[in-house]
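Spelled out, the chains give:
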Amino acid sequence: MSAPPPPGDRTRPRLRVTAATLGAFGLVIAVVAVFGGLRAQSHAPAKGGAGKTFDQGLFTVEVLDARTGHDKDAFGSGRTKVLAVRMRVTVKDVRSHSVFEFLEGVMAEPKPGSYVAADNELTTGLIDGQKTSEIHPRLPIEVRAVWKIPETSAPTTVTVALRQWVYKHGFFDSAYYWYAGKDSSYAAEVGVSVHAGGS
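This report concerns the structure included in the present document. This structure is a prediction, so every number in the text was calculated from the model and none was measured. (Residues numbered from 1 in each chain as written. Predicted model: local features only at pLDDT ≥ 70, side-chain atom pairs only at ≥ 80, totals over all residues. Heavy atoms only, no water.)

On to the overall build of the protein chain. Within the protein chain one finds three helices and 15 strands. Per-residue burial over the protein chain gives 34% buried out of 199 residues. Sequence-distant contacts, at least 24 apart, represent 67% of the contacts inside the protein chain between residues at least 6 apart. Summed over all atoms, the accessible surface of the protein chain reaches about 12300 Å², with 58% contributed by carbon and sulfur. (Helix = DSSP H or I, 4+ residues; strand = E, 2+ residues; numbered from the N terminus. Buried < 20%, exposed > 50% of the residue type's maximum accessible area, 1.4 Å probe, protein only. Contact = heavy atoms within 4.5 Å. Areas by Shrake-Rupley, 256 points an atom, 1.4 Å probe, with all protein chains shown as cover.)

What follows is the structure, given as structure tokens:
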């Protein structure tokens, strides 16, 4: 009756298989890295123009049009030149969110290389022509997002950048919440022609 093989003889083939598996996995990672990586591809913003609907995570957004014009300033004492972008917005959450919360995920590039936030005071939400400050679940509203621009500015196109909203865990408590901020990636960049005139 022969003695059983020593423990080292039983474990060596298993180690060889593990090493081969790890080697193959490393090769896959190297190939992905050479071709740009999965992360870069997944975070690239969607591109498009007016009339296309984009998913931000919390909202779906369709940019309708953009135009320049003049609005009363926040104190109603004068008029200021603005760039206004109309969007059809639907919240995907089960609860309502404010128009101003939606604006946290919206930037525009009224001049190349400079993304800026919309003006909270001049931006309005509309349902059937009536002003609203709330976006209710499954009820699309029109948001007229407004940016102040210099009187001499006459942009012919504008890029609207939509930040990606993420549902994340609170830092100090166990609650989850929707977040989009300066460190968020962009879900979409929408190029829109700008029409002159209008209020």
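Right, picking up where we left off after that structure.
Alignment of strand β8 (residues 124–127) against strand β11 (residues 141–148), held across three bridges, turns out to be antiparallel. Counterpart to Gly125 in the pairing with β11 is Val143. Of the strand pairs in this sheet, β8 and strand β9 (residues 130–132) are connected by three bridges, and their pairing is antiparallel. Along β9, the bridge assignment pairs Leu126 with Lys131. What sits between the antiparallel neighbours β8 and β9 is a turn of two residues, in which Asp128 has the positive phi angle 55°. (Pairing = 2+ DSSP bridges.)

For the rest of this paragraph, the subject is the nonpolar core. Within the largest apolar cluster, 32 residues are counted, with the highest numbers of intra-cluster contacts made by Phe59, Met87 and Phe102. Among the elements of the structure, β3 (59–72), β4 (79–91), α3 (99–103), β6 (106–111), β11, β12 (157–163) and β15 (186–195) are those that each provide at least two residues to this core. Tallying contributions element by element places β4 first for this core, with five residues. (Core = buried A, V, L, I, M, F, W, Y, C linked by side-chain atoms within 4.5 Å.)

None of the figures reported here should be taken as evidence of function without further support.
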